[in-house]
Amino acid sequence: MEPITQFRGEYRFLSNFYPVEIERGGIVYPTLEHCYVSEKTEDLNEREYISSLPTPGKAKKYGSTIILRPKCNTMKVNVMRELLNIKFSHEELLEKLIATEGCDLIEVNAHGDRFWGQCPVGVGKNMLGILLM
């Protein structure tokens, strides 16, 4: 099977920017991206503010301005795994994910993220794709 390299169109549901409510710590976030960014801080006010941001892009950008919690970098893969489990507990999304079985999922991006994805194809860890598979 051909690899899925674009989390857009038919496969947009694989993106952390896909609109799906994620509840964590009593706060409901509009996307996984919002929730992931909020996990970088221990400040409850910051987390609530992040949940209110209008787009996942704004949440991601805001994440570069917050004071990071201790060991944020060492826990990010486990946090992402937990959040993906919450996201794909929604039956319709789980069914779509299961339908990708046998395909390599590669989060190719143009913004240079070589940890969660690859940029260009083949260069990077693709941790998001690995966790999704």
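The rules behind these values
- Residues numbered from 1 in each chain as written.
- Predicted model: local features only at pLDDT ≥ 70, side-chain atom pairs only at ≥ 80, totals over all residues.
- Heavy atoms only, no water.
- Pairing = 2+ DSSP bridges.
- Helix = DSSP H or I, 4+ residues; strand = E, 2+ residues; numbered from the N terminus.
- Buried < 20%, exposed > 50% of the residue type's maximum accessible area, 1.4 Å probe, protein only.
- Contact = heavy atoms within 4.5 Å.
- Arc of directions from axis to C-beta.
- Core = buried A, V, L, I, M, F, W, Y, C linked by side-chain atoms within 4.5 Å.
- Phe/Tyr/Trp six-rings, centres within 6.5 Å; stacked < 30°, edge-to-face > 60°.

Undergrad: Mind laying out the pairing of strand β1 (residues 19–24), listing which residues take part and the relevant values?
TA: The pairing of β1 with strand β2 (residues 27–31) spans four bridges and is classified as antiparallel. Across the sheet, Ile-22 pairs through a bridge with Tyr-29, a residue of β2.

Undergrad: Can you break down the side chain of Asn-126 residue by residue, with the values?
TA: When you line up the elements, Asn-126 lands in the loop between α5 (91–98) and α6 (127–132). Asn-126 sits in the buried class, given a relative accessible area of 5%. Other than its neighbours up to four places away in sequence, Asn-126 contacts Leu-105, Ile-106, Glu-107, Arg-114, Phe-115, Trp-116, Gly-117, Gln-118 and Met-133.

Undergrad: Quick rundown of helix α3 (residues 56–63)? Include the residues and the values.
TA: Taken together, the buried positions of α3 are Pro-56, Ala-59 and Gly-63. Here the buried residues of α3 occupy an arc of 55 degrees about the axis, which is enough to place them on one side. Check the buried side of α3 and you find it contacts β2, α1 (32–38) and α2 (44–52).

Undergrad: Lay out the nonpolar core in plain terms, naming residues and giving numbers.
TA: Counting 27 residues, the largest nonpolar core has Leu-14, Met-80, Leu-84, Trp-116 and Leu-132 as the members making the most contacts within it. Elements that contribute at least two residues to this core include exactly β1, β2, α1, α4 (72–87), α5 and α6. Looking at this core, the element that brings in the most residues is α4, giving five residues. In contact with Leu-14, not counting residues within four places along its chain, are Ile-4, Phe-7, Lys-87, Leu-97, Leu-105, Leu-128 and Leu-132.

Undergrad: Describe the packing of aromatic side chains, and please don't skip the residues or the numbers.
TA: Per the counting criterion, the structure on display carries four aromatic pairs. Here Tyr-36 and Trp-116 contribute two aromatic rings whose centre-to-centre distance is 5.8 Å and whose plane-to-plane angle is 85 degrees, an arrangement assigned as edge-to-face. A residue pair is termed long-range when its members are at least 10 positions apart, and Tyr-36 in helix α1 and Trp-116 in the loop between α5 and α6 qualify at 80 residues. Residue Trp-116 is classed as buried on the basis of its relative accessible area of 12%. Counting every residue linked through ring pairs, the aromatic cluster contains Tyr-36, Phe-115 and Trp-116.

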